[in-house]
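Okay, here's what each chain looks like letter by letter:
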Amino acid sequence: MKHFAPAYYPLFRCVAGACRHSCCIGWEIDIDPVTRERYRRVDGPLGRRLAEEIVVEDPPHFRLGAGERCPFLREDGLCTLILELGEDSLCEICALHPRFRNFFSDRVEIGLGLCCEAAAELILTRGGDMTLIPVGEDGEEPFPLSEKEEQLLAFRAELLALCEAESFTFAEKTKRLLGIVCAAMPDLTWGKWRAFYADLERLDPAWEGLLSRLDGEETVTGTDWDAPLSHLLSYFLYRHLPGALDAEDFDAAIRARVCFAVLSVRIIQKIFAGGGQSMAALGDIARQYSAEVEYSDENIGRVLELLGE
């Protein structure tokens, strides 16, 4: 089965030691069975250290140190395992991050998760080209698309074309997206949205400070930021619409996920308006939103439940 990704995907490069928000800090790092067995066979000082730093539970994972750092993350931001054993020594979760995958009968779609600062920068600046290109394949046998898959992909293509249309402003695009699915956002004030998001499962205490900007009066005016905000819309639609395939009520799930894409970018936009407005600032807010919301199944579920109501 072939794997496809947006045209900008091959441009992604991990910035390693230059990363300001390392994915090796603050996340529990599970170790897949194949890599666990490989680590058992490492000898010498590194093998002994691996034995000491792996918590033998189900699933096994690295024992995080001070500041919730991976024990093999060096002070210069580089990985001891890569330096001593090579990149192919990484466990599956480390090797794949920040990539995500959506599975269809005839292919696998790959994307870059917004929670990585290098991926966020790429999405904001180059994410307008959502043409899917082949990026590899596996040995799985493809099957014909189901009727629901065909409907979803055709509908998503229509929405992505709207997101990247230069003839509409960002505000017009969000209004049209909601109109296409006959949806309206919950009638909540910014203060109530802040309270709702503040009540979700928390990863980083600093997120509370950013959410406080939702109470402010600031807005992003003009169209200077329409292109990166539109790219964010495309990202959320590309990543989350396929989740509707598993829902009992397909149409309602599509509607909720379109609303989720619009809401997510509006939240990011509002927070962005309350601080210094630069591409770096927008990327960091988008990264934090992704880490706090997208990477928690519980949080995603609560937002979709609210929008579904």
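Preceding this section is the structure that the text describes.
Residues numbered from 1 in each chain as written. Predicted model: local features only at pLDDT ≥ 70, side-chain atom pairs only at ≥ 80, totals over all residues. Heavy atoms only, no water.

**Section: the environment of L152**
Alright, step 1. Assignment of secondary structure puts L152 in helix α6 (residues 147–163).
Alright, step 2. L152 has contacts with F104, L241, P242, A244, L245, F250 and I254, leaving out every residue within four places of it along the chain. (Helix = DSSP H or I, 4+ residues; strand = E, 2+ residues; numbered from the N terminus. Contact = heavy atoms within 4.5 Å.)

**Regarding the layout of surface pockets**
Alright, step 1. One number sums up the size of the second largest pocket: a volume of about 470 Å³.
Alright, step 2. For the second largest pocket, the lining is made up of 18 residues, of which N102, R239, H240, G243 and D297 are closest to its centre.
Alright, step 3. At the level of secondary structure, the elements contributing two or more residues to the lining of the second largest pocket comprise β4 (99–103), α10 (226–240), α11 (250–273) and α13 (297–308).
Alright, step 4. For the lining of the second largest pocket, the leading source of residues is β4, giving 4 residues. (1 Å grid on protein atoms, 1.4 Å probe; cavity = no way out; pocket = protein on both sides within 12 Å on 5 of 7 lines; lining within 4 Å. Points joined across faces, edges and corners; volume = space filled by probe spheres on them.)

**Things to note about the state of the cysteines**
Alright, step 1. Following the criterion strictly, the structure yields 0 disulfides and no others.
Alright, step 2. C24 supplies the cysteine sulfur nearest to C70, a cysteine that is in no disulfide, at a spacing of 5.7 Å.
Alright, step 3. Owing to a relative accessible area of 8%, C70 belongs among the buried residues under this scheme.
Alright, step 4. Free of any disulfide, C163 has its nearest neighbouring cysteine sulfur in C259, separated by 13 Å. (Disulfide = S-S within 2.5 Å. Buried < 20%, exposed > 50% of the residue type's maximum accessible area, 1.4 Å probe, protein only.)

**Observations concerning the environment of L203**
Alright, step 1. Mapping L203 onto the fold places it in the loop between α8 (190–198) and α9 (207–211).
Alright, step 2. The spatial distance from the C-alpha of L203 to the C-alpha of F143 is 39 Å, given a sequence separation of 60 residues.
Alright, step 3. For L203, the contacting residues outside a window of four places in its chain are G26, W27, A291 and E292.

**Section: the packing of α6 against α11**
Geometrically, a packed helix pair is captured by the angle between its two axes and the distance between the axes.
Alright, step 1. Interaxial distance between α6 and α11 falls to 12 Å at its minimum, and their mutual angle equals 25°. One way to sum up the angle between α6 and α11 is to call them roughly parallel. Both α6 and α11 take part in a crossing whose hand is right-handed. Facing α6, whose interface residues are K148, Q151, L152, F155 and L159, α11 presents F250, I254 and V258. (Axes fitted to C-alpha atoms, helices over the stretch in contact; angles between N-to-C directions. Parallel < 35°, antiparallel > 145°, perpendicular 65-115°, else oblique. Left-handed = near helix turned anticlockwise from the far one by under 90°.)

**Points about helix α2 (residues 44–53)**
Alright, step 1. Residues of α2 that are buried: L46, G47, L50 and E53. On an axial view of α2, the arc spanned by its buried residues comes to 135°, and they lie on one face. Along α2, exposed side chains directed more than 90 degrees from the buried face belong to P45, R48, A51 and E52.
Alright, step 2. At its buried positions, α2 is contacted by α1 (33–40), β2 (54–55), β3 (61–62) and α3 (80–85). (Arc of directions from axis to C-beta.)

**Some points on helix α7 (residues 170–180)**
Alright, step 1. Restricting attention to buried positions, one finds in α7 the residues F170, K173, T174, L177 and L178. Down the axis of α7, the sector holding all buried residues measures 130°, keeping them to one side.
Alright, step 2. Buried residues along α7 sit against α6, α10 and α11.
Alright, step 3. A positive backbone phi angle near 55° is found at C182, which sits one or two residues after α7.

**Description of the packing of aromatic side chains**
Alright, step 1. Per the stated rule, a full pass over the model turns up 14 aromatic pairs.
Alright, step 2. Ring centres of F100 and Y235 lie 6.4 Å apart, and the angle between their planes is 80°; this geometry places the pair in the edge-to-face category. Taken together, the positions of F100 in strand β4 and Y235 in helix α10 put the pair 135 residues apart, joining distant regions of the chain.
Alright, step 3. Here a set of aromatic residues connected by ring pairs shows up, and it is made of F100, W193, F196, Y197, W207, Y235, F236, Y238, F260 and Y289.
Alright, step 4. Geometry around F104 places R107 over its ring, the cationic atom sitting 5.4 Å from the centre. (Phe/Tyr/Trp six-rings, centres within 6.5 Å; stacked < 30°, edge-to-face > 60°. Lys NZ or Arg CZ within 6 Å of the ring centre and 35° of its normal.)

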